[in-house]
Amino acid sequence: LYEEKTPVAISIGLIPAQAEHVSEDLSRKTHVFDVRLSAPLGLKLNEDELGVYISSVENGMGAEKAGLRVGDRVIATSATIGDAMWPKKSLAGVESSVRSRLMARGSVKVRIERNLDESEAAVAALVGRSLITETWNVQLKKPLGLTLSSRDGKVIVKATRKGGSAHAEPSIQVGDAIIAIGNNFGPKSWIPVQGKVERVINAATGPSQSVRLKLSRQIRVGTWSSDYDFTTSSTNASIQAQAETRVAKDVGRAVVAYRELVQNGVPGIATEALLVERASELCRLYSKFENRAFGIRCLCILFDSALIGVRPTQKLLTNGITAYITLGRPELGAELYEKIRKAVELNNRLATAAITAFTRLRRFERCFQVVATDPRSASDQCIANPDAILCNALLAAASKQTAALEHAQSKNMNEQYLAATRCERLFEAMRRPGGAEEFVYGLRSRASDLALLLDDPAQTVFGRRDFVYNKDETAPLLATAGRVLADDVSFNIMIDYYARRKQPQKARATLDAMRAFTGIQPGLFSYTALVKAYAEAKDPDAARAIFDQARKNLAQDNNHLAPLDANTWNTLIRAYGTTLRWREAYATFQEMKNAGITPTIVTYTNLASAALSAGRPRFAIKVLNEIEEEHAQVKPNVISFTIKIRAYAKLGQLPNAVDALTQMRKYRLEPNKRTVAALLEACLAAGQPRAGQALIKETEAEGLSADLVTNTLLLRCHLQAGDAQLARDLLLQMHQGAPSEKPNIVTYNAALRGFFALGCLTDALDALQGLVSAKLSPNKDTWLALSRTNTRQAQSIQIDLLHSSLLFLAQNKRTVPFAVYERYLNALIANSIQRDEIIHLRINGSLDIIFPGNVHERRAARARLTKLEHDVLDDESFVQEAAPVVSASLDE
């Protein structure tokens, strides 16, 4: 039935675009084509009982550029003279022919037989089906009013007459074939017509009042589009129009045909099945578009327009969610799942896709609701027999939830404990026969716990240490109980989990257990995660030891070290960078290049960050400039430009920072909030706060809102420019903002320094009061800001501020540096003020002082403090002052 001139495998891009078609056999799932190769070929051949096949293909060489892949079979080569193709069946024959042709002409044509995999064969079969046969049943009352004819062995409806029941039946059209009639005298079976009109006439003239007919109709659904160039124009309007055209061509006439059938009362089951299967494969194709916006538009049109009224399948929904995730829009995948999840039965693949989408969105609790009964829904779906892929998705969700809570420094310790416990318990369950099934069944049978997780996690299945599953209760569901689902992926997730938690010893123990449990030697990902664990723990020497061990263990032979990949090298460079060992980071960078590994943009940003953190901004700039000078294939990104701008800020070179921003826009990269913060630092370092104020206005006009970091830097710009009122307004705005935008210790310290410098002592006192009210502990920068006062009035306020801060620390059981307490006592003596409250708090142990140095230095410091306290309390020339009243907010 497929009559397109273009071969199917070519039309859907399953063979190289430059290949010359020879033949295809979709029943054998093979396609034969010719392709020309140029030296160096970069391929390895091997031989088996079926002939010669390609065993490996090197990147960037002739074979890879020509589109060949591992598994392709070489069945013929071009003659040394002329264009004839000589069949070859032996490895020696192929190698000899290729060698002589390359010597003679510099290139060789080879004939390739490619076996299509199951997915490719399925796509090819779908593309080739332009016609489909629908069958359905109708029951007609007498008289029927049918005019019939026999053609090609079928009974065809030639016409319908007015007054007959067939004329009033919308599902019957001229050209439909009657293939069977109902047996009204026996069981409800069907009698084949076999192209005999008299059988239909006999049924119509029988004693029954009605006749059951089985009809068939060929539906032209159209072929798939053969346009797979993946190119679009850049304008949004054009993308929308092209997406609509593309989807219309891809689904063919199947949508229109299906809707016409349903409208006329025909179930359209076969057409619907073809349409859904075609749409399922389209999801995969759209996810491969380089223009992600175009792929997303195509998917949205497919689900929101083309498939309206079509019953989805598990495969369609799974492929759609996965495509949205691949294109960087997991929220659309989650929305698709929520919209039609009740229309299909949940299976492992669909659940895995949904869990992946919710994990990307950090909706971690929803991940576990996917495999359990949702208490907010009437649906009672669950996964009774989870597989390893599904459990690994759940394990990854639990791991990332723990990391997210710790990164956000969540104050809900129950929530942190719940996430960490759930992750480790699921991993433990996956290592026991039937444990994963028990874990998931525990989710289902206690689904109401999901609504209580944050209220009282200790009462949930995840929070109780003494929980024991009822084996008798779970037995009916565990059809495949006894399976151990933990695999190398599970162990790798846990190694990365412990790496994120800065627990390298547990990560190492997990890697060792991986060998014993799975019998699989750890791979590159495992070792990279372990290197990351020691990097996060700021132990670069241990990270280097694991790195060297990985190179040795992963080597293909004992004479060479494995080169590893760029990601592993980048992790080691970051390990040195986080401990300010920038020279060793640079040495590792050079070693990486000598090993033949091409640095990536992450390599350069890690190395530049290491230099910048170590106070080497010029070296950081030199490293980033090397991107364009030596590696044209590595493109700068927003992070690299932000680091460069920060380096110029450290040097006070505002013009160079602005030039970097201009260069950044030439790469069509838009600055983010960190870039704006780096530019503000450059403005402050150059003494041009007005430029920073103008920059914020410009970025806000472009729709880039400020955050805590940029607001703090803007506050410094206002204060440096002498705009005290703007600084006050900004502080008030930050106080009234979202919790993530409220002032922190850095903001208050900047306000203290700035207001003191402007002589706004009351505002400085308000800033410190805000710091104390927010229950933030003064740090070194706070005390340094207070110690810079030189006027008599400022020194008096400084004493009040120091007194309030020390009192706050004592009430909150915080320790106080020796130097701070000593400065307070010296200030009292210098200003002839006598206050005994803080001294008594220190004497009775309510105020804990940290003494620096060794034993002798600490003993001398204590003696010095005792003398100062004696001078404050016993000198009769001092004027006794009442201690300042602590505000209610401080007491709270």
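Refer to the structure printed above.
None of the values given here were measured: they were computed from a predicted structure.

Colleague: Can you lay out the overall build of the protein for me, pointing to particular residues and giving the numbers?
Modeller: Within the protein, the secondary structure is distributed over 40 helices and 17 strands. A sequence separation of at least 24 residues applies to 66% of the contacts in the protein between residues at least 6 apart.

Colleague: Before we move on, can you summarise helix H9 (residues 269-286) with the specific residues and values?
Modeller: Taking 1.5 Å of rise per residue, 18 residues should cover 26 Å, and H9 covers 25 Å from first to last C-alpha, within 8% of that figure. With 13 of its 18 residues buried, H9 lies for the most part within the structure.

Colleague: Report on the packing of helix H31 (residues 708-720) against helix H33 (residues 745-758), specifying residues and quantitative values.
Modeller: In a packed pair of helices, the relevant descriptors are the angle between the two axes and the axis-to-axis distance. Direction vectors running N to C along H31 and H33 enclose 5°, while the axes themselves pass 9 Å from each other. With respect to H33, the element H31 is oriented roughly parallel. In this structure, H31 contributes Leu708, Thr712, Leu715, Arg716 and Leu719 to the contact, and H33 contributes Val746, Thr747, Ala750, Ala751, Gly754, Phe755 and Leu758. A breakdown of the residues in the contact of H31 with H33 according to their chemical character gives 8 nonpolar, 3 polar and 1 charged.

Colleague: Could you give an account of the nonpolar core, naming the residues involved and the relevant values?
Modeller: Where a protein is soluble and globular, its nonpolar side chains tend to be buried together. Ranked by internal contacts, the top residues of the largest apolar core, which has 219 residues, are Ile178, Leu302 and Tyr821. At 9 residues, the largest contribution of residues to this core is made by helix H15 (residues 388-407). When residues no more than four places from it in sequence are discounted, the contact partners of Ile178 are Leu146, Leu148, Val155, Val157, Val193, Val200, Leu213, Lys214 and Leu215. If you look at the next biggest cluster of nonpolar residues, it comprises 18 residues, including Ile15, Ala19, Ala66 and Val98.

Colleague: Run through H33, naming residues and quoting values.
Modeller: The end-to-end C-alpha distance of H33 is 20 Å, a good match for the 20 Å that 14 residues give at a rise of 1.5 Å each. The element H33 is largely enclosed, with a buried count of 10 among its 14 residues. N-capping of H33 is provided by Asn744, with a side-chain oxygen placed 3.1 Å from the backbone N of Val746. In the stretch just after H33, Gly759 is the one whose phi turns positive, near 80°.

Colleague: Break down the packing of helix H23 (residues 566-578) against helix H24 (residues 582-594) for me, with residues and values.
Modeller: In contact at an axis separation of 8 Å, H23 and H24 are set at 165° when each is read in the N-to-C sense. Taken together, the axis directions place H23 and H24 in an arrangement best described as roughly antiparallel. Considering the relative orientation of H23 and H24, their crossing is right-handed. Contacts between H23 and H24 involve Ala566, Trp569, Asn570, Leu572, Ile573 and Tyr576 from the former and Glu584, Ala585, Thr588, Phe589, Glu591 and Met592 from the latter. A class-by-class count of the residues in the contact of H23 with H24 yields 8 nonpolar, 2 polar and 2 charged.

Colleague: Run through the pattern of salt bridges, naming residues and quoting values.
Modeller: The full count for this structure, using the stated rule, is 36 salt bridges. For Arg500, the salt bridge is made with Asp496, and the minimal N-O distance between the two is 2.8 Å. Here the residue Arg500 and the residue Asp496 both occupy positions in helix H19 (residues 488-500), the gap between them amounting to 4 residues, near one helical turn. The partly exposed category is assigned to Arg500, whose relative accessible area is 33%. Of the charged contacts, one joins Glu670 and Arg665 as a salt bridge, the two residues approaching to 3.4 Å between their closest N and O atoms.

Colleague: Pulling in residues and values, what's your account of unusual backbone geometry?
Modeller: Following Lys142, the chain continues to Pro143 via a peptide bond in cis, the omega torsion being 0°. With a phi angle near 55°, Asp152 is a residue other than glycine that sits in the positive phi range. Along the chain, Asp152 falls in the loop between strand E9 (146-151) and strand E10 (154-160). At Lys538, a position not held by glycine, the phi torsion is positive, near 60°. Looking at where Lys538 falls in the secondary structure, it is placed in the loop between helix H21 (524-536) and helix H22 (540-553).

Analysis parameters
Residues numbered from 1 in each chain as written. Predicted model: local features only at pLDDT ≥ 70, side-chain atom pairs only at ≥ 80, totals over all residues. Heavy atoms only, no water. Helix = DSSP H or I, 4+ residues; strand = E, 2+ residues; numbered from the N terminus. Contact = heavy atoms within 4.5 Å. Expected span 1.5 Å × (residues − 1). Buried < 20%, exposed > 50% of the residue type's maximum accessible area, 1.4 Å probe, protein only. Axes fitted to C-alpha atoms, helices over the stretch in contact; angles between N-to-C directions. Parallel < 35°, antiparallel > 145°, perpendicular 65-115°, else oblique. Nonpolar A, V, L, I, M, F, W, Y, C, P; charged D, E, K, R; others polar. Core = buried A, V, L, I, M, F, W, Y, C linked by side-chain atoms within 4.5 Å. Polar contact = N/O pair within 3.5 Å; in protein donor to acceptor, adjacent residues only side chain to side chain. Left-handed = near helix turned anticlockwise from the far one by under 90°. Salt bridge = Lys/Arg side-chain N within 4 Å of Asp/Glu carboxyl O.

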